[in-house]
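# Examining the three-dimensional arrangement
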Amino acid sequence: MDQVQVRSLRDVIAVLIEQRSIVRAAGASFAAHLLDLAIMQLRLNVNDITAEELSGLSDFVGAEFMRDKSSH
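Residues numbered from 1 in each chain as written. Predicted model: local features only at pLDDT ≥ 70, side-chain atom pairs only at ≥ 80, totals over all residues. Heavy atoms only, no water.

So, about the pattern of salt bridges. Pairs may arise between side chains of opposite charge once their charged atoms sit close together. Counted under the stated rule, the structure contains four salt bridges. For arginine 20, the salt bridge is made with aspartate 36, and the minimal N-O distance between the two is 2.7 Å. A residue pair is termed long-range when its members are at least 10 positions apart, and arginine 20 in helix α1 (residues 3-25) and aspartate 36 in helix α2 (residues 29-46) qualify at 16 residues. By relative accessible area, arginine 20 is classed as buried at 18%. Judged by its relative accessible area of 26%, aspartate 36 is partly exposed. Among the salt bridges present, the one from arginine 24 reaches aspartate 36, with a minimum N-O distance of 3.3 Å. Here the residue arginine 24 occupies a position in helix α1, and aspartate 36 occupies one in helix α2, the gap between them amounting to 12 residues. (Salt bridge = Lys/Arg side-chain N within 4 Å of Asp/Glu carboxyl O. Helix = DSSP H or I, 4+ residues; strand = E, 2+ residues; numbered from the N terminus. Buried < 20%, exposed > 50% of the residue type's maximum accessible area, 1.4 Å probe, protein only.)

Counting residues in hydrophobic clusters, the biggest one holds eight residues: Val6, Leu9, Ile13, Leu16, Leu35, Ile39, Leu42 and Val46. When contributions to this core are tallied by element, the ones reaching two or more residues are α1 and α2. Setting aside its immediate chain neighbours within four residues, valine 6 contacts Met1 and Val46. (Core = buried A, V, L, I, M, F, W, Y, C linked by side-chain atoms within 4.5 Å. Contact = heavy atoms within 4.5 Å.)

Glancing now at the environment of alanine 51. Positionally, alanine 51 belongs in helix α3 (residues 51-70). When its relative accessible area of 56% is taken as the criterion, alanine 51 is described as exposed.

Right, let's talk about unusual backbone geometry for a bit. Phi is positive for aspartate 48, close to 50°, though the residue is something other than glycine. Along the chain, aspartate 48 falls in the loop between α2 and α3. Residue classification places aspartate 48 among the exposed residues on the basis of a relative accessible area of 58%.

All right, on to the packing of α1 against α2 then. At a minimum axis distance of 9 Å, the contact between α1 and α2 shows a crossing angle of 165°. Relative to α2, the element α1 lies roughly antiparallel. Between α1 and α2 lies a crossing whose hand is left-handed. Contacts from Val6, Leu9, Arg10, Val12, Ile13, Leu16, Ile17, Gln19, Arg20, Val23 and Arg24 in α1 reach Ala31, Ala32, Leu35, Asp36, Ala38, Ile39, Leu42, Arg43 and Val46 in α2. Its residues assigned to classes, the contact of α1 with α2 comprises 14 nonpolar, one polar and five charged. (Axes fitted to C-alpha atoms, helices over the stretch in contact; angles between N-to-C directions. Parallel < 35°, antiparallel > 145°, perpendicular 65-115°, else oblique. Left-handed = near helix turned anticlockwise from the far one by under 90°. Nonpolar A, V, L, I, M, F, W, Y, C, P; charged D, E, K, R; others polar.)

Structure, rendered in structure tokens:
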């Protein structure tokens, strides 16, 4: 992805973040959640993070959470 595309996606992310704030303030939590998902997907694309890498991170965080939870 070239720098122009990255800049464009970052601009889109900024707009979506503003829109998320607006819909959340209006009480539309499901719409805000959908915007969160779109923002996350764009951030993954901008940072060249694959679904497999995200899954691996999620598994690691989940395992750490369970380890911390069981130690309390």
